[in-house]
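If you want the building blocks of each chain, they are given just below.
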Amino acid sequence: MALKPAGKDQQRRKDRILDAAEILFAKHGFDGVTLRKVAALAEVDLALASYHFGSKQGLFDAVLLRRAEVLNERRLAALEACERAAAPKAPPVEEIVRAFLAPMFAADLARDPGWQHYFELIAYVNNAHDMGGRVMTQFFNPLVVRFMDVFKRAMPDTPPEQIYWSYHFMSAALSLTFAQTERMKILSGGAIDTRDLEAAVEQMIPFVTAGFERLCKTA
């Protein structure tokens, strides 16, 4: 009987499987990837991928959960910080938007190849008709609901549906930026590079804030 990899070696192999799956899912989507392809890229036995994650769906969910937990912790910490700074009032809309967006564009994430693949994967999932609702709900809805409650406190006279529309448009802008298609680099003749996530967030925060405030004021 073959012995199971022990301790740190087992964790390293598991991480290699997750890293390889992240790259492949971001590039080819869920249907374009097999466990065999993941195992080959990770340079592990196919049986080991099945042992750790059971199925392709189990692996896909594990890839999303691994970084979602880190991301959600950072965003929640940023939201709580801006609430404390504004207490007893609700935070300004721009500070809520910043708490939602800025942690995802922090330098240590924006410059990390693994996180870049993850963000591309999130863009894919968020625009996938057959899985976007389920996956985004499963991994991000509790945090988003918390943000929506703070937006509602900041704009108490605004019909809730207008706030949800505003969030929807913010999410769309985020997904397109994460997709990093280079279309804007081509269209602008190289004047901007949407792969520069640190620059992108400084443009996105005031843009999204103005959208929230204008749409909600109109309502």
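Residues numbered from 1 in each chain as written. Predicted model: local features only at pLDDT ≥ 70, side-chain atom pairs only at ≥ 80, totals over all residues. Heavy atoms only, no water.

A.B. asks: Help me understand the pattern of salt bridges, please; the structure alone is not making it clear to me.
C.D. replies: Pairing between side chains becomes possible if they bear opposite charge and their charged atoms approach one another. Tallied over the full model, the rule gives 10 salt bridges. Residue Arg195 pairs with Asp193 through a salt bridge whose shortest N-O separation is 3.2 Å. (Salt bridge = Lys/Arg side-chain N within 4 Å of Asp/Glu carboxyl O.)

A.B. asks: Sorry, what's going on with unusual backbone geometry here?
C.D. replies: Glycine aside, a negative phi is what most residues show, and trans is what most peptide bonds show. The omega angle of the peptide bond from Ala87 to Pro88 is 10 degrees, so this bond is cis rather than trans. Mapped onto the secondary structure, Pro88 falls in the loop between helix 4 (56–86) and helix 5 (93–101). Positive phi outside glycine occurs at Gln180, with the angle close to 50 degrees. By the secondary structure assignment, Gln180 is in the loop between helix 9 (160–179) and helix 10 (183–187). On the basis of relative accessible area, Gln180 is assigned to the buried category, the value being 14%. (Helix = DSSP H or I, 4+ residues; strand = E, 2+ residues; numbered from the N terminus. Buried < 20%, exposed > 50% of the residue type's maximum accessible area, 1.4 Å probe, protein only.)

A.B. asks: Mind showing me how you'd approach the packing of aromatic side chains here?
C.D. replies: Pairs of aromatic rings are described using the distance from one ring centre to the other and the angle between the two planes. Tallying each qualifying case throughout the model produces 12 aromatic pairs. Ring geometry for Trp115 versus Tyr118: centroids 5.6 Å apart, planes at 80 degrees, classification edge-to-face. Taken together, the residues Trp115 and Tyr118, both in helix 7 (residues 113–126) and 3 residues apart, mark about one turn of the helix. Trp115 sits in the buried class, given a relative accessible area of 7%. The structure contains a cluster of three or more aromatic residues connected by ring pairs, namely Phe105, Trp115, Tyr118, Phe119 and Phe178. The ring of Trp115 is capped by Arg67, whose NZ or CZ atom sits 5.0 Å from the centre of that ring. (Phe/Tyr/Trp six-rings, centres within 6.5 Å; stacked < 30°, edge-to-face > 60°. Lys NZ or Arg CZ within 6 Å of the ring centre and 35° of its normal.)

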